[in-house]
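Analysis of the macromolecular model
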Amino acid sequence: MTHSFRFLLIVTVAAQALRWTVAQVVGPSWTASPFHPHAIPLAVRSPYLNCWAAGGNGSQPISNQWPTLWDMSGILGWAVFVRVDGIAYSILGQPPLTHGAQLANQTGFSFSATQSKFVHTAGNVMVTTNFISPIEPTNLVLQSLPATYLTISTQSTDGRQHRIQVYSDISAEWISGDDTLTAEWNTNTTSSSVIHSVHLGITQPFAVLKNHIQDATAYYGTMNGGAVTWQTSAGVISRSQFTGSGQLTNTSDTNFRPVSQNFPVFALSTDLGMVANSNGPVVFALGLIRDPAIQSLSDTGQPESRSLYFWTEFSTAIDAMAQFISDFSRAASAANSFDSNIRNAAMAVSSDYADLVDLSTRQVYGMIEITVGKDANGNWNTSDIQAFMNDAGGGVSTVDIMFPAFPLFLQTNPVIAGALLKPLLQWQQGNGYPNPFAAHDLGTLYPNAVGDPMDNTVMPVEESANMLIMTLAQARASGDGTLVSNYYNVLDKWAQYLVSNAMNPGDQDFTDSFLTGSVVNDTNLALKGILGIQAMAGIASAMNNTDAATNYSSIASTLLNQWQSLAFSQDGSHLVLGFGNISSSLSLPYNLYADKLLGLNLIPQTVYDKAAAFLKTQTQTYGVALDSRSANASKTDWALFTAAALTDTDARNTLISSVRKYAANQLAHVPFSDFYDVSQGTRISFQARPVQGAMYSILALQASTKPIVIPPPSPSTTSPSLPSPSLGLSPSASPRNAAARTQVVSHNLFMMLTIALGITAGAL
């Protein structure tokens, strides 16, 4: 979290509380299953192919609203008509209704992990529109292809046959954040497919404007056949052509022009003829593809451009889209299986939990991209897989955003989890990163992942512990010790930093500093640092570095004992906000989760029992406050981490149901926000962030782990070592936290000597 949010959010918290005290829920007029969310994912496959419909109270049906980008500010022109017996009905968008066209009546909506389905009535025909954003984590070629499906199925409601034609188009608004820029387009037709493509006349690689990437090409296609027609023209022309005649002209508008000048659209239609029920759905495929995708640094610190992994199997984007179209039947079956498997697993916890898992899945996967590098000869190096995360604020692979998202990747495919960690580890092991603690991110303007060692946004204890915990979690989930082995030295450096600073982080920033500022010796932050040290013990053990493993484990145990003496209120009932804080302060103990995730068993059961008992007394309508700095503000990700850590099932389920109640209350109109008011149930800030991967926190605990296999060292690999830490004060030392340090600094000197001498703390 960056400093720039802090003061804005303090004001926003108060303003939102006033704004929503009189809010009333006006529900939609259609049925919704499992509920009507704040926003509905339509085409969500990458940070830029990330299209939503507004939900919440008083929202319009999709037949009367334009979809938008995830920030809900920029229209993405996308229209659907279904023509029944000569009358056209609008299913999606807000195009002009010509030739007697009408709005279809939306009667139902449902969502699953990969799909959003809408039901409309159009005359005497029921129309089912399904937006499928495939999630195939174990197939990196398919998972890295930013493409989605839209399907239209029809069924007679009076038992009679009806003449049915289906139409859809996209506009050039998908390719730029500046509608005054000139678009160019083309249509590729073969015997099997018709695929439109549109891009800017002058592209800007790696440039982002209003959350639109400026160098992508949008593709819109369908299966070809005798009943398929197409057209490129101004939107009013193509749509009027279809609503009046039920078909298009198979002609191209050759007047390349600005996006907003007579909005060019790229239209497709299919004539189903006289039918009672469609034999199968009409399938449209939408893609938004660019190459290269990411600008990053190589393992030697040199700038490199990386491509989405699917390019290893396709030579052109048209080939990829044509294959995507022809693969629909298999892909739809795979989507159904994924949805069913995920929901069944989550239902073993509760239906409320399953709903949250379903809602979050596309949102998280839609903010990552999986890339591949090239070897010295320019060939694809399929062993060089790296993934990058957009934090929905421009940040690249922000560590404290990735940390709550991580359970989703551990559960669905830990290979992707490792690919997310690799660029962070690679950059920081090189000579270009001088700090003794882990970096906050890889950059502040996605997709430029070039890092900034002088970045003022640092969270030394927070991010160092996060990286150690995630690295060990990934190795345990996958059984692959490659990251542990290749980056042992930098991991060990961070662990030593934690030994010196976990119990006295001072006023360091941490992931929740945006709320009202940092906290001196934050209780929750110190706990995470201690668990990071214990994670390093597990990493050292995997490397057969027994002495280091024993040392780190013993130090973590000793630090935890000291933490317990400082972390609780005077009556011992609950965790206070910071060491020495008044007993009325409190903190949501979400960092307990790492102890469970890694199977560390470092924290005594009494700590969990006290946490559960106290949380039961603090629960408001929509959950428990994050800490006592704000009586009502909380975060969904940390609520689910806390729920997963608790061994008290009632306390766990209460937290889950509270977050589900917030997600379903219709008091917002943006993709699932993580920062909200637990009293009013209103969104405070943020939207569409991948932190909602925390909804998978319980499923990740249930996933099997594997023995960590360390690969044979390469000739260039140096043996891991255990450098002695400095005996100086940490970089976070400052006059204003000097008093808070006095109670722990002598112990830290003791711990640093322990490591330097190679003696276990327990032996002293």
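Conventions and cut-offs
- Residues numbered from 1 in each chain as written.
- Predicted model: local features only at pLDDT ≥ 70, side-chain atom pairs only at ≥ 80, totals over all residues.
- Heavy atoms only, no water.
- Helix = DSSP H or I, 4+ residues; strand = E, 2+ residues; numbered from the N terminus.
- Buried < 20%, exposed > 50% of the residue type's maximum accessible area, 1.4 Å probe, protein only.
- Contact = heavy atoms within 4.5 Å.
- Areas by Shrake-Rupley, 256 points an atom, 1.4 Å probe, with all protein chains shown as cover.
- Phe/Tyr/Trp six-rings, centres within 6.5 Å; stacked < 30°, edge-to-face > 60°.
- Lys NZ or Arg CZ within 6 Å of the ring centre and 35° of its normal.
- Expected span 1.5 Å × (residues − 1).

The next thing to look at is the overall build of the protein chain. Helix and strand content of the protein chain: 20 helices and 29 strands. Here the protein chain holds 764 residues, and the buried ones make up 63% of them. Of all intrachain contacts in the protein chain linking residues separated by at least 6 positions in sequence, the fraction that spans at least 24 positions is 71%. Total accessible area computed for the protein chain in this model is approximately 25,700 Å², and 51% of it derives from carbon and sulfur atoms.

By the definition in use, this model includes 29 aromatic pairs. For the pair Trp563 and Phe568, a centre-to-centre distance of 6.2 Å together with 70 degrees between the ring planes defines the contact as edge-to-face. Using a relative accessible area of 0% as the deciding quantity, one classes Trp563 as buried. With a relative accessible area of 15%, Phe568 lands in the buried category. With centroids separated by 4.2 Å and ring planes inclined at 10 degrees, the aromatic side chains of Tyr590 and Trp638 adopt a geometry described as stacked. Here Tyr590, found in the loop between helix H13 (546-567) and helix H14 (593-597), pairs with Trp638, found in helix H16 (residues 636-645); they are 48 residues apart in sequence, far enough to count as distant. Judged by relative accessible area, which is 1%, Trp638 ranks as buried. Taken together, the aromatic side chains of Phe35, Trp78, Phe109, Phe111, Phe118, Phe131 and Trp174 make up a single cluster linked through ring pairs. The ring of Trp380 is capped by Lys374, whose NZ or CZ atom sits 4.7 Å from the centre of that ring.

What follows is about helix H6 (residues 351-365). Counted at 1.5 Å a residue, the expected span for H6 with its 15 residues is 21 Å, and the 22 Å between its end C-alpha atoms agrees. The buried fraction of H6 is high, at 14 of 15 residues.

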